[in-house]
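Examining the three-dimensional arrangement
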Amino acid sequence: MAISINGYRAFITGASGGIGAAIADELARQGVQLVLVARRRDALEAVAQDLRARHGAVVSTLTADLGVVEERRRTWDEAIASGPIDMLVNNAGFGHHRPFAAVDAGRDQQMLALNIEAVVDLAHWFVDHKIASDPAHARRAYILNVASVAAYQPVPNMATYAASKAFVHQWSRALHLELATKNIAVCSLNPGGTHTDFHRMAGAGSYGRLARMSMMGAPEVATIGVRALLRGRPVVVPGLANKLSCWLVSLAPRGLAAQSARWVMGTPKTEQLPPTTNRG
């Protein structure tokens, strides 16, 4: 039987494009009211206007740098001041395809603040909000955390990014079990390469043939992720090639898995990385 989330209200980060915007589209199609959060105001408003026009969706937007704790706290407080939040989608994040020694420490610190710290903070605030607003746990709530197939092995030249997604993946699996008693479903969505702006921001583009062949569209990834979340699955890896890759990695020695990841990702570029101010 299909699960209805019509009338739910979702808080979606990194919603100005890519997978975040695609998840917003899928939820709007199912009658969910949306709070969209990102840094790029113009892009965010364009997504909101499109969802209103095509789905008649109730959409509000909030601009913030979620890598800054004060801004993410302000954004969350503004969202819940307008009504309860039933779904949290932690999608905002960024990475870079460069050797560790070629990346400024400050950029890695910004990445960890957004990819890990913001995700954990928002989940804490969401759970506290859910328990306070529904102490009997009568209404099912949902957390969808966007990780990556990079979570399954060490990835040379994307070392910090892959490790941050490994954290999100393993942490989500633990929360899936813990929060079941609170009637909160948690799912780790682990896409492979997806046709989004992520790759330009990561300074990538020299991926190997296998990585290019397994690329998927953001709408397909979003549909698969939302379906898995509503079905109560703890983890979903979209795409047959990506599923096979994760399974093979689980059988391989760590050193071989890391070498394979470096081969699949290809040679890093040498030009300067785009500024992080354009992310999400």
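This text goes with the structure placed above it.
A short tour of the structure in this document, coming up. Since we're looking at a predicted model, the values are computed, not measured. (Residues numbered from 1 in each chain as written. Predicted model: local features only at pLDDT ≥ 70, side-chain atom pairs only at ≥ 80, totals over all residues. Heavy atoms only, no water.)

Here's the deal with the sheet that holds strand E9 (residues 235–236)
- On the basis of which strands lie adjacent, the open sheet formed by 7 strands has the order E3-E2-E1-E4-E5-E6-E9 and parallel pairing. The sheet is open, and its two edges are formed by strand E3 (59–63) and E9, each paired on a single side.
- The pairing of strand E4 (residues 87–90) with strand E5 (residues 141–146) spans 4 bridges and is parallel. Its bridge partner lying in E5, Leu88 is registered against Ile143.
- The strands touched by helix H1 (residues 18–29) within the sheet are strand E1 (9–13), strand E2 (33–38), E4, E5 and strand E6 (184–189), with E1 carrying the most contacts at an inclination of about 170 degrees. (Pairing = 2+ DSSP bridges. Helix = DSSP H or I, 4+ residues; strand = E, 2+ residues; numbered from the N terminus. Contact = heavy atoms within 4.5 Å. Axes fitted to C-alpha atoms, helices over the stretch in contact; angles between N-to-C directions.)

Some thoughts on the nonpolar core
- With 40 residues, the main nonpolar core has Ile12, Ile23, Leu27, Leu34, Leu36, Leu51 and Met87 as its most contacted residues.
- A per-element tally of this core places helix H8 (residues 218–230) first, with 8 residues.
- Apart from residues lying up to four places away in sequence, Leu34 is in contact with Ala10, Ile12, Ala24, Leu27, Ala28, Leu51, Val58, Val59 and Ser60.
- Phe94, Val120, Ile143 and Val186 belong to the second-largest nonpolar core, a separate cluster that totals 36 residues. (Core = buried A, V, L, I, M, F, W, Y, C linked by side-chain atoms within 4.5 Å. Buried < 20%, exposed > 50% of the residue type's maximum accessible area, 1.4 Å probe, protein only.)

Here we look at the packing of aromatic side chains
- Here the structure, examined in full by the defined rule, presents 4 aromatic pairs.
- Taken together, a centroid distance of 6.1 Å and an interplanar angle of 50 degrees make the contact between Tyr8 and Tyr142 tilted. Here Tyr8 is found in the segment before E1, whereas its partner Tyr142 is found in strand E5, with 134 residues between them in sequence. Considered together, Tyr8 and Tyr142 belong to a single accessibility category, that of buried residues.
- Ring geometry for Trp76 against Phe126: centres 6.4 Å apart, planes inclined by 75 degrees, an arrangement best described as edge-to-face. Here the residue Trp76 occupies a position in helix H3 (residues 69–81), and Phe126 occupies one in helix H4 (residues 105–133), the gap between them amounting to 50 residues. Phe126 matches Trp76 in its accessibility class, with the two residues each being buried. (Phe/Tyr/Trp six-rings, centres within 6.5 Å; stacked < 30°, edge-to-face > 60°.)

Remarks on the packing of H3 against H4
- The N-to-C vectors of H3 and H4 enclose an angle of 30 degrees; their axes lie 11 Å apart at closest approach. As for how H3 packs across H4, the hand of that crossing is right-handed. Here Val69, Arg72, Arg73, Trp76 and Ile80 of H3 lie close against H4, whose contacting residues are Ala113, Glu117, Ala118, Asp121, Leu122, Trp125, Phe126 and His129.
- Here the contact of H3 with H4 is composed, by residue class, of 8 nonpolar, 1 polar and 4 charged. (Left-handed = near helix turned anticlockwise from the far one by under 90°. Nonpolar A, V, L, I, M, F, W, Y, C, P; charged D, E, K, R; others polar.)

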